[in-house]
Amino acid sequence: MTGDAGPGGNAPARADALDTRLVHLGPPPGQQFGYVNPPVYRGSTALYDGPAGLRRTQADPLKRDLPAYGRFGTPTVRAFEAALSTLEGGHAAVVTCSGLAAITTAVLAFVRSGDHVLVSDSVYPPTRRFCDSLEAFGISTQYYDPCLGSGIERLLRPNTRLVYLESPGSGTFEVMDVPAVTQACRRRDVTTIVDNTWATPFFCRPIGLGADVVVHSASKYLAGHADIVLGAVVATEESYPAVRRAAIRLGQYAGPDDAYLALRGLRTLGVRMRQHERSALELARWLSSRPEVSDVVHPALDHHPGHLIWKRDFSGAAGPFGLLLHPRFDERQVAAMLQHLRLFGLGYSWGGYESLIVPSDPGVRVGGDWPRPGTLLRVHVGMEDVEDLKADLRGALAALRSADEDVRSPGPTPSTV
Ligand SMILES: *Cc1c(COP(=O)(O)O)cnc(C)c1O
């Protein structure tokens, strides 16, 4: 099942623009009684015409053809896989039960006992915990400064099998020089995996920057409505068989309802990302001017250390950014600020239509300038009216300051997330 055939199956004279492709991705309506959306196929068993079909599935380690057992992907799951892979410029994709499962599947596809793995220091913290757990299987993980660029070359050892990247980094938003890292790795035959959850293929396509494998939490922008947990791995032709085999071996599976919702989310990815970008930038600039704020960590702001790389490799900026409060505010005052918010929700994940804020912990680092003094918050700007969001933050910042004056008054300690 290909992802990019138009309704009539006519090849376009030139490649369609991204917005057009988002609308026309997926199985041709002619294959589904004219309906523009694919049906939700639920199923474990699918029946074959005859024994030749059974033999074909048995003989194919990648279980490409349908019908096949439901765990290998129903037509709904495959429609989302094909659509995402086309958008990323990959060969094929594998959908997984969560974003973290996409990461663990992609890593396990390439490593074996005795290998050395290099992981960017600002990766999504559960990625770090998973890589650390590989020690038990004789795989050693070393963390590197996300800003090292071609300096990765000096860290490559004869047994380095994999370099893992995430750009911008979770929480601290360092922009990586992805082409410099992937070029160095290609020269040494080392596989690269990039977590592209923040940018989505709408703003960045790491395979075009030399990556072998791209991983996604589809729970974020791809689905876009905070209603599912889902992941995906997109791979080049060379890397895909290892990824699909790992997914099959590990029993990776995603339900057709979630795959359907993710495919539906893609249709509006363009309008949503542009809106998130515009509102986030406006709030980021406004927050930069506030006296309570010591820094706004947003790759699209001129003073961000990775701004020029971001400009070169991304066509836009997503909604999450870092907000570093002035170090004079303590935990209790920050709690008063968070308690005061009306529109920004206190909750994990991001990429849905609603604005969120959570304290983020830059944690242990081997390089770069983190941790920096002051509380770091991760802001995700949703689709609300930006003036309303500003008013919400203005009130919360006032609560942050006024908590100064209550220091000596006894009372319950507000809870933080
Ligand atoms: C949320 C997130 C993940 C994990 O995704 P889940 O779908 O929650 O498992 C992975 N990478 C990044 C950058 C994320 O933000």
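**Student:** Which parts of the structure should I look at to understand the pattern of salt bridges?
**Tutor:** Two side chains with opposite charge may pair up if their charged atoms get near one another. Tallying each qualifying case throughout the model produces 15 salt bridges. In this structure, the salt-bridge partner of Asp 257 is Arg 42, at a minimum N-O distance of 2.7 Å. Within this pair, whereas Asp 257 is found in helix 9 (residues 256-267), its partner Arg 42 is found in the loop between helix 1 (18-24) and helix 2 (51-59), the two being separated by 215 residues in sequence. Residue Asp 257 is classed as partly exposed on the basis of its relative accessible area of 33%. Lys 390 is the salt-bridge partner of Glu 282, the closest N and O atoms lying 3.1 Å from each other. Of the two residues, Glu 282 is situated in helix 10 (residues 269-288) and Lys 390 in helix 13 (residues 386-402); the sequence distance between them amounts to 108 residues. Among the residues examined, Glu 282 registers a relative accessible area of 33% and is labelled partly exposed. Via salt bridges that share partners, Asp 177, Arg 312 and Asp 313 belong to a single interconnected network.

**Student:** What's the story with the packing of aromatic side chains in this structure? I'm lost.
**Tutor:** Aromatic ring pairs are reported here in terms of the distance separating the ring centres and the angle at which the planes meet. Scanning the entire structure with this criterion turns up four aromatic pairs. When the ring of Trp 198 is compared with that of Phe 314, the centres are 6.0 Å apart and the planes differ by 75 degrees; the resulting orientation is edge-to-face. Note that Trp 198 is positioned in the loop between strand 5 (191-195) and helix 7 (200-203) and Phe 314 in the loop between helix 11 (307-313) and strand 9 (320-325), a separation of 116 residues in sequence. Looking at Trp 198, the relative accessible area reads 5%, which means it is buried. Measuring from ring centre to ring centre gives 5.5 Å for Tyr 221 and Trp 350, while their planes differ by 65 degrees; the resulting arrangement is edge-to-face. With a gap of 129 residues between them, Tyr 221 in the loop between strand 6 (213-217) and strand 7 (231-235) and Trp 350 in the loop between strand 10 (345-346) and strand 11 (356-359) connect regions that are remote in the sequence. Here the guanidinium or amino end of Arg 128 rests over the ring plane of Tyr 143, the centre of that ring lying 3.9 Å away.

**Student:** Sorry, what's going on with the nonpolar core here?
**Tutor:** As a rule of thumb, nonpolar side chains are buried together in soluble globular proteins. If you look at the biggest cluster of nonpolar residues, it comprises 89 residues, and the most contacted ones within it are Phe 80, Val 163, Trp 198, Leu 283, Leu 287 and Phe 321. Element by element, the count of residues in this core is highest for helix 10, at eight residues. When residues of this core are assigned to domains, at least three map to each of domain 1 (18-267) and domain 2 (269-406). Discounting chain neighbours no more than four positions away, the residues touching Leu 287 are Val 293, Val 296, Phe 321, Leu 323, Leu 393 and Leu 397. Grouped together as the second largest cluster of nonpolar side chains are 30 residues, Leu 62, Ala 106, Val 123 and Tyr 240 included.

About the cut-offs
- Residues numbered from 1 in each chain as written.
- Predicted model: local features only at pLDDT ≥ 70, side-chain atom pairs only at ≥ 80, totals over all residues.
- Heavy atoms only, no water.
- Salt bridge = Lys/Arg side-chain N within 4 Å of Asp/Glu carboxyl O.
- Helix = DSSP H or I, 4+ residues; strand = E, 2+ residues; numbered from the N terminus.
- Buried < 20%, exposed > 50% of the residue type's maximum accessible area, 1.4 Å probe, protein only.
- Phe/Tyr/Trp six-rings, centres within 6.5 Å; stacked < 30°, edge-to-face > 60°.
- Lys NZ or Arg CZ within 6 Å of the ring centre and 35° of its normal.
- Core = buried A, V, L, I, M, F, W, Y, C linked by side-chain atoms within 4.5 Å.
- Domains from an automatic or database assignment.
- Contact = heavy atoms within 4.5 Å.

Spatial relationships are all this shows, so hold off on functional conclusions.
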